[in-house]
Every structure is written in structure tokens, then in C-alpha cells.
Amino acid sequence: MVTDLQKLGTSAENSIWIVGAAKTGKTARLVEQFCIWSETVKSLPATVSSRGHSGRWRAGQTAPAILVLAANGDNRLELADRIAVATQGKYAFHSTTPFGFFEQEVLLFWPLLVESLQLKAQFPLRLQPETELELAARLWRRELDEGILQQTGVSPNRMVRRTLDLLQLAAVSGTPREEIKSILEQGFVGFGDSHSLWASMGELLERWWEWCLTRGLLTYGIVCELYWRYLLPNVTYQQQLTSRYQATIADDVDDYPAISRHLFDRMLDRGVAGAFSYNQDGGVRLGLGADTEDLAQLESRCRIVEKLDAKAGLSPEIGELAVSLAVNSEGFYPLGLSLPGSVRSLETISRAQLLRETAEIIVDAVKSAAVEPQEIAVIAPGMDAIARYSLTEILARHGIAAESLNDQRPLSTTPEIRALLTLLALVYPGLGRLVDRDAVAEMLVILGSQKHREVVETEDSQPNFHLKSQIPNQKSIDQVRAGLIADSCFCPDVDRPQLLPITAFPRWDRVGHRACAAYEQIVEWIEQQRSQQQERLLPSPIALLDRAIQKFLINDRYLAYDRLSALRELMETAAHYWEIHGRMQRQEPTNSSESETIARFIQLLRQGTVTANPYPVRAQGTQTQAVTLANIFQYRSSRRAHKWHFWLDAGSSLWLSGGAATLFGAPLFVRSQLGRPWETEDETTADQQRLRRILLDLLSRCSVLYLCHSELAVNGQEQTGPLLPLIQSSVSYQQSG
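Just so we're clear, the structure is a prediction, and the values are computed from it rather than from any experiment. (Residues numbered from 1 in each chain as written. Predicted model: local features only at pLDDT ≥ 70, side-chain atom pairs only at ≥ 80, totals over all residues. Heavy atoms only, no water.)

Caption draft 1: Quick peek at the overall build of the protein. Along the backbone of the protein there are 27 helices and 22 strands. Burial status across the protein gives 53% buried among its 737 residues. Taking contacts inside the protein between residues at least 6 apart in sequence as the whole, the part at least 24 apart equals 79%. Within the structure as shown, the protein displays about 33,300 Å² of accessible surface, and the carbon and sulfur contribution to it stands at 49%. (Helix = DSSP H or I, 4+ residues; strand = E, 2+ residues; numbered from the N terminus. Buried < 20%, exposed > 50% of the residue type's maximum accessible area, 1.4 Å probe, protein only. Contact = heavy atoms within 4.5 Å. Areas by Shrake-Rupley, 256 points an atom, 1.4 Å probe, with all protein chains shown as cover.)

So, in C-alpha cells, the structure goes:
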């Protein structure tokens, strides 16, 4: 029920703080508040770009006066859709994420920063993390070679990444980069690393900062520091900000960085109303830049505080008991204690057996119509490739699809990407060391596929050729033929590796007509591209990749959604890489050849530093009828809920860390921790608090739970994780089944 107080309009005095656990209706309440405010906000001139705005723009339409924020891209899309449905698309609004907003504002008001920091007037370019890592490693090469930037057991690349992450953590916490050195010295007292290392990290980051801004290059950390430290305090910017927005809607602020509070405080101070939702059991991104405690202080700025006590999932029934067993038991739990029948355990000796029996339970449940596939989620602290493959294959045999949630894997794990990289090495000179017999054989298999056609009689009795879009591509060149051809027809060479005619294979007549034709087509195409490259008719490696994709991968054939996403990510990554390379060459020309640049690009992808982020973020159309596979971090970030949960590897100690890697030094940059040493007791407390949030959050998102535990982990060691008391207090599936 909306009170009269909430109808007063958009004024900072009427800001609203909505607090509640998962699935208690916080987002729905924000959508309701948007509908109320959308009727009262004043229209603004249409001077804002339509990019990033929800809804369709027409001539004369006013610019959005409400800023809508969500914790991540997927949540943003869902929130924007819900608002559009609730308002029937009548009102424009600006929908983004906190970092998306910071980046947008830094780019939009770059002239202000150029003036205040006396920067070179050039359009800034954002570095992707993998390019950032490569350039920083080059800049710090001497320190890496001389052991100045070194920690025991940490690889050089990982050391560079750790150092860059410190700049990011300082920036999102609102800490000046100059203080990084002292924070590390105070926080890591007694951890064995010398003060010289912390001093070196601080100096290298200062050099990196200046090096990037001189060249107009931006990183996540630089963008955030530019925003909170230099742009947000600018009076001219503040006037522009509050003239554009009369209200802001922010969902799940428990996952926002501390500098988001700086933004909200400024907006509230200048009369902009705010509606914020907060989950006390959230904080999914703690350790990755979020500051849950700092954002909680926004409550004191809100006149209206709403506590949503709706009950969701298993959490009201067993939440506190589960936390007590897992967090506070210290290995002891009451004898005879048992959880309700909705919580069941599946226990095996080996993990292989666990995966098989977990899949069998899912198959039985779906076949008996007890639950639909889309109502099932399998969640693990670390959903490794073995688990994904085993579960997917077993379920597929019974006609049940499985979908990996936000499965971020290196691009080089996709066969199509590896084939394209091999093509690059065959077309451009000087790349022979980057291609071998096995890579050529795999390329032939991938590029030698063709779509099966079938003749379908149409209503007018005329034959019509259709593609069977749901069946796999037929292989003109299978693995055996590809290996035989590569053995005889691939001629290695450092400068110009060659694919010889099929007749170079003594028994080429046994390969088959289709395979021979497909192979000759590939060879002919490669020779055409080589010829054009030599005549300078091939514009760039990006153009070659595009031609190959059009010719061999998406022309007249079907590719799964995840493969198409990987191809799109490859093209975006390549475009970004050569854009940065072009700027560097203009500012600091080198004698490196095009082939050397291509070699670095291929090696970068093969190292696994580039991950595939599918675009669009979600598939279009109806909800996939598939079982969801995810790790804890991915699942909690998605804010999804499923009727049945299977907690895989429930006995693993990784549940204590949530399965998510915490950035090096992250606890030191939480606002409440600044200036204090990080001690063993702090680590223990943080782990217990994280486990509590995980349990309460996940239990709010399911109504039936299976705790799937194997006595032995993949490495053969006994599993003694914190959930063992919970497992032993649950009803055994074997006994109850």
C-alpha cells in the first residue's frame, strides 16, 4: 500500500530506503516508486543521447529525468524491462550500472577533466583488462626482470594483475592513489613482505596513471578515480548532473562500491530524490570492490524506511538453524537433530559417482513431473569443466537441456576461435611458429563443416530447400580424415607454412569426394587471402577474421548461441586491440611489423587472458527450458530463484570463501578497515560472515534442497567443509527415496 507521504513527489526529503532479504519484493517496490515519480517529474528538453536509454525515442520526446541503477548488466536489463512493462513504455529513463554511469560521465565531461588536470586534448579510449595487463607488463618490464615487483609463488603476470587491482580497489573505495603504499604497509604488518615491495607498487601505479592519461587511455581504476576525485566535486558538473535528473532509483546498493555513496550524497544534497533497495544478506561483490557497510549508511539520509518482511524459500524455516550448524558449530552439533524433509542429502564416495547420481535424481524428478527443468539449479562453489560436461551429457541423453549461467571461459577454449587464430597464422607471413599439425587438423574439422539440407514439400507441391537449424553441422572433414590430411599436406615453415594440394596425400582417393572438395575450398580461400595480403588488398586482420566467419562459420549453417557469442566477443576484442595498437603507433612509432602485432594478439588469446562475455547478455525469446548450472558467485549475482536447488560439492571447504576469488588487498580498502592491520581474526570473521550471507541468500531462493556430498574431492582428499554438520542433519536421499 502506497502512503500519502510517498506520493509527495520527487524531493530529497522524500527519499526511500527499502530493506529486506532476497525475494521479499524490493525490486517490485522500486518499480512501483518509479511509476509514482514518473507522473510527477518535470519534462526536460530532449538533449540527451538515446544510447543506453530504455524505450523508443521519437521526435520531440523529452529526455529521461530519472536515473535507474542496478548492480550488474543482467540485473539492469531485467529492471528496465519491468519498469517498461509497468509503465507501458510511456516514460523514458536512463538505465545503467554504477561503473557504466561513471564511465559515461567521464567520457561525456572529458573536456572538464582535460581543463582541470591539464591533459592533452584527445578522445579517451578504455582499455580492456587483458590489454591493460599487457601494456602494464611492458611498462614495468625492468622491475619484473630485476625482481623488484615480485612475491614468492606469484607469477609475473599475476603480480602485474595484483598491482593493477590495487589501483582499482583504491579508486572504488574513494581512496587517493597516493595512499596505497601506506595502506599496504599498515594492513600487512607481519605478513612477511618487505616495505620496499609496497613502496614499489605505489610508485609503479603512479607511473602507470601518468602514462595512461598522457596517451588518453582509461582503465576501470582510472575512470573511477577521475570520477569521484576530480569530476564529482566540480561545481559545473554538479549543476549539469542535477539539471538532468530529478530522481534516482538504485536496486541492490549492498553490491555498489563506496564511491556510489559519494554520488548519491551529492544528488541528495542538491534536492534529487532517491529510492534505494538493500539486502542485509547480499554483498555478493564484497572483496571485488563493493562496500556493503558504507552503502548502508545511506539509510540515515532517507526520510522513509520500509522493512519488507515477506517470507521466501527455505530461509524462514531453517535459515538461522543452518547458519548455526555451519558457522557456529565448530565441528559439534546436537545428536538427533534433523532438518525438515525438504532438505535432503546425497552422499557418495567419489565425485564421479556424485555427479552421476545427482544427474539421475534430476532425470527422475523431471520424468515424474515433480519439477520442470527450468525450475532446477545446480550450484557449486566452483563449477569446473568436468562437472559441467558430465551433468550436461547425462541430462542430454534423457532429453533434458542444461544451461551454464554466465559461463565465462577463455576465448581460446572455443574450437571456432582456435581455428580462426590458425587461419591468421597461415595467411600472414612470419607466424609459422604459432601453427602446428594438430592446430591445422582441428581447423580443417571446424571449417570443413557443411549444413545438411533436406527437401520439404510446400503447400503448393513445389520442392523447397530448408536448413535443419536444430541439428549439428555435418562434418565433411572428420577428425580422422583431418589428421591424415594434416600429416601429408601440412608443410611447416617459420615464414610461410603451407597447405599442399590434396594430391600430396598418397591415398587421397580414399579420403572421399566431400572431404577433398571441402579441403580444396579451404586451401583455395587461404591462397586468395594471402595474395590479397601481399598486394595490400586485405585491409586488416579484423577484415580477415570477418571474411572467414562469413565464409566458413555462419554462412548456410547453424551455430549454437554460446558459439555466436564467442565469435562476437572475438571481433570486439580484435577491434579494441588494433584500436589501441593504432593509437600507440601514432604516439610512439615502433619498427614492429604487422605480423609481430598479430603474433602478440594470438599469444594473448592462447594464454587464456581474454574471457568470452556473451552479447547480447541473454538470449532473446521465451525462457530456456533447461537446468541451470552455476557457481555460487554467478548464481547470487543473477538474483535468480529456482524451486529445487542441488548444492554440489557441499562438503567442500570452498563454501567458506563462496567460491569467488577476492582481489589481493581488498579487505584493506573497505572504508571501515582503512588504516588498520588485517589480522588472522579478521580473516576468520570475514569468512564466517560471508558463509552466513551465502546460506541465508541461497535458502531464500529455493523450496527443496539437495546437499550433494562426496567423501573424496577430485584430488582424492577427504572433504571436511563447513556444511558437513548440515549434511549429517539432513534426510538421506537413499533412505527416503
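On we go from here.
Caption draft 2: Just the environment of Glu105, in detail. One can find Glu105 in helix 3 (residues 98-108). Along the backbone, Glu105 and Val223 are 118 residues apart, and their C-alpha atoms lie at a distance of 9.4 Å. Sequence-distant contacts of Glu105, defined by excluding residues within four places in its chain, comprise Tyr227, Leu231, Tyr237, Leu241 and Arg244. Of the polar contacts made by the side chain of Glu105, one reaches the side chain of Gln104; its length is 2.5 Å. (Polar contact = N/O pair within 3.5 Å; in protein donor to acceptor, adjacent residues only side chain to side chain.)

Caption draft 3: Here's a closer look at helix 17 (residues 415-427). Taking 1.5 Å per residue, 13 residues should reach 18 Å; helix 17 reaches 19 Å between its end C-alpha atoms and fits that length. Of all 13 residues in helix 17, 12 are buried, a share of seventy percent or more. Taken together, the buried positions of helix 17 are Pro415, Glu416, Ile417, Ala419, Leu420, Leu421, Thr422, Leu423, Leu424, Ala425, Leu426 and Val427. (Expected span 1.5 Å × (residues − 1).)

Caption draft 4: Examining the pairing of strand 1 (residues 16-20) more closely. For strand 1, the tally of buried residues reaches 5 of 5 residues, placing the bulk of the element in the interior. Alternating residues of strand 1 divide into Ile16, Ile18 and Gly20 and Trp17 and Val19, and every residue in both groups is buried. Bridging between strand 1 and strand 9 (residues 304-308) involves 5 bridges; their strand directions are parallel. Among the inter-strand pairings, Ile18 is bridged to a residue of strand 9, identified as Glu306. Bridge count for strand 1 against strand 8 (residues 273-278) is 4 bridges, and the pairing is parallel. Residue Ile18 lies in a different strand from strand 8, and its bridge partner there is Ser277. (Pairing = 2+ DSSP bridges.)

Caption draft 5: Expanded view of the sheet that holds strand 20 (residues 644-647). Across the sheet, 7 strands lie side by side as 12-19-11-20-21-10-22; this open sheet has parallel pairing. Of all strands in the sheet, those with a lone pairing partner are strand 12 (401-404) and strand 22 (731-732), marking the two edges. Bridge count for strand 10 (residues 343-348) against strand 22 is 2 bridges, and the pairing is parallel. Residue pairing in the sheet places Arg344 in a bridge with Val731 of strand 22. Its contacts with the sheet place helix 15 (residues 351-367) against strand 10, strand 11 (376-380), strand 19 (626-631), strand 20 and strand 21 (704-710), and it is angled at close to 140° to strand 10. (Axes fitted to C-alpha atoms, helices over the stretch in contact; angles between N-to-C directions.)

Caption draft 6: Up close: the state of the cysteines. Throughout the structure, instances matching the rule amount to 0 disulfides. Cys516 supplies the cysteine sulfur nearest to Cys489, a cysteine that is in no disulfide, at a spacing of 9.0 Å. On the basis of relative accessibility, which here comes to 0%, the residue Cys489 falls in the buried class. (Disulfide = S-S within 2.5 Å.)

Caption draft 7: Seen up close, the confidence of the model for the protein. Residues at a pLDDT of 70 or more form 86% of the protein, whose mean pLDDT is 86. Contacts of residues 1-8 to residues separated by more than four positions or lying in other chains number 15 contacts, the stretch itself having pLDDT below 50. Low pLDDT (under 50) marks residues 43-62, which in the prediction has 33 contacts with non-local residues, meaning those over four places away or in another chain. (pLDDT = per-residue confidence, 0-100.)

Caption draft 8: View of the environment of His581. For His581, the location among the structural elements is in helix 22 (residues 561-587). Remark: the alpha-carbon pair of His581 and Thr131, spanning 450 residues in sequence, is separated by 9.8 Å.

Caption draft 9: Seen up close, the packing of aromatic side chains. For the structure on display, the rule yields 25 aromatic pairs. Aromatic pair Tyr577 and Phe601: ring centres 5.3 Å apart, planes at 55°, arrangement tilted. Of this pair, Tyr577 sits in helix 22 while Phe601 sits in helix 23 (residues 594-606), placing them 24 residues apart in sequence. Residues Tyr577 and Phe601 agree in their burial class; the two are buried. Following the ring pairs from residue to residue traces out a cluster consisting of Phe101, Phe102, Phe109, Tyr227, Tyr237 and Tyr245. Sitting over the face of the ring of Trp209, Arg177 holds its NZ or CZ atom 3.9 Å from the ring centroid. (Phe/Tyr/Trp six-rings, centres within 6.5 Å; stacked < 30°, edge-to-face > 60°. Lys NZ or Arg CZ within 6 Å of the ring centre and 35° of its normal.)

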